[in-house]
Amino acid sequence: MSVEPFEWAVKLCNLKEEEATDSSAIKTLPSPPGYGVVEVGKNQHESQGNKATEAIRMKELNNLLAQKAMSIAMQPAKSIPMNMIMSYMSGTSLQIIPIMAALMLLSGPLKAIFSIRAAFKPVLGNKEIQSQVNSAMFLYIVFQGALMYIGIRKLNAMGLIPNTKSDWLTWELPVDYNIGRKVFAF
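Residues numbered from 1 in each chain as written. Predicted model: local features only at pLDDT ≥ 70, side-chain atom pairs only at ≥ 80, totals over all residues. Heavy atoms only, no water.

1. Here we look at helix H7 (residues 130-158)
Here H7 contains 29 residues, and its C-alpha end-to-end distance of 42 Å stays within 8% of the 42 Å for a straight helix at 1.5 Å per residue. Two residues or fewer after H7 comes Gly159, characterised by a positive phi angle close to 85°. (Helix = DSSP H or I, 4+ residues; strand = E, 2+ residues; numbered from the N terminus. Expected span 1.5 Å × (residues − 1).)

Shown next, in the form of C-alpha cells:
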C-alpha cells in the first residue's frame, strides 16, 4: 500500500512546477479590501494619478482619525446611564460601599481629565483634524463632568456635603436676644 502525496504538496515542493504554473489566474483575483495593487508609472500622467490616490487615502485616514477621536470622547458617555442606575440602587445610607462609589465617581473623572492627552494620544499630532480632535476633547471633558455631577448628587443625597445652616452651627455666633431690652421685675 503506497501513499500518494497530494497534488498541491508536490507543486509546493517542486520549483520547476511553480515556473510552469500559469500566473494569469493569480492576476485575475481581486485584491483584498484595503489592499490594492499600485504600479509605479513612468510618465507624468500616471504620477498625477498616484498623487490623487494618495490624497484620497490621506482624506480617508483623516476621516478615520476623526471618528476615532469621537469614539474616545463618547466612552464616558456610555457609562453615564449605568452609573446613574448604580447610584440610585445603592441608596443613601451612610455605609462604606455607597460612599466609596460616590467618591470614585469624583476621583475617576478628575484623573481622566488630567490625563486627557494620554487618552487622545492616538489621534493627536495631525494638523488637518486638530479642530475636530479639540471638539472631541471638549466633549470628553463634558461627559466626565456629568459623571462627577452624579457623584456630587449622591454625596449630597447622603448628607455628606455641608450645604445647610445646621452644618455650620459651630461657626455661628450666639445671639443674645436680651441685649438692649429692659427687663422689668415685679
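2. Considering helix H5 (residues 96-114)
Compared with an ideal rise of 1.5 Å per residue, which puts 19 residues at 27 Å, H5 spans 27 Å between its outermost C-alpha atoms and is within 8% of the ideal. Among all positions of H5, only Pro98, Ala102, Leu105, Leu106, Pro109 and Ala112 are buried. (Buried < 20%, exposed > 50% of the residue type's maximum accessible area, 1.4 Å probe, protein only.)

3. What about the side chain of Asn62?
Following the sequence through the fold, Asn62 ends up in helix H4 (residues 44-89). In terms of polar contacts, Asn62 uses its side chain to reach the side chain of Glu128, at 2.3 Å. Other than its neighbours up to four places away in sequence, Asn62 contacts Asn126, Glu128 and Ile129. (Polar contact = N/O pair within 3.5 Å; in protein donor to acceptor, adjacent residues only side chain to side chain. Contact = heavy atoms within 4.5 Å.)

4. Considerations on the UniProt feature "transmembrane region" (unreviewed entry) in the chain
Under the present numbering, the feature "transmembrane region" (unreviewed entry) in UniProt falls on residues 96-120 and 132-152. In this annotation, residues 96-120 is assigned 92% helix and 0% strand; the end-to-end C-alpha distance for the span is 34 Å. Between the end C-alpha atoms of residues 132-152 there is a gap of 30 Å, over a span that is 100% helix and 0% strand. (UniProt positions renumbered as here; feature names shortened; annotations may be inferred.)

5. Describing the nonpolar core
Within the largest apolar cluster, 12 residues are counted, these being Ala69, Ile72, Ala73, Ala112, Ile116, Phe120, Val123, Ile129, Val133, Ala136, Met137 and Tyr140. Mapped onto this core, the elements with two or more residues apiece are H4 and H7. Counting residues per element, this core draws most heavily on H7, at 4 residues. Excluding residues that lie within four positions of it along the chain, Ala69 makes contacts with Phe120, Val123, Val133 and Ala136. (Core = buried A, V, L, I, M, F, W, Y, C linked by side-chain atoms within 4.5 Å.)

6. Thoughts on the packing of H5 against H7
At their nearest, the axes of H5 and H7 sit 8 Å apart, and the two run at 155° to each other. Considering the angle they form, H5 stands roughly antiparallel to H7. By crossing handedness, the relation of H5 to H7 is classed as left-handed. Residue-level contacts link Pro98, Ile99, Ala102, Leu103, Leu105, Leu106, Pro109, Leu110, Ala112 and Ile113 of H5 to Tyr140, Ile141, Gln144, Leu147, Met148, Ile150, Gly151, Ile152, Lys154, Leu155 and Met158 of H7. Among the residues making up the contact of H5 with H7, the classes are represented as 18 nonpolar, 2 polar and 1 charged. (Axes fitted to C-alpha atoms, helices over the stretch in contact; angles between N-to-C directions. Parallel < 35°, antiparallel > 145°, perpendicular 65-115°, else oblique. Left-handed = near helix turned anticlockwise from the far one by under 90°. Nonpolar A, V, L, I, M, F, W, Y, C, P; charged D, E, K, R; others polar.)

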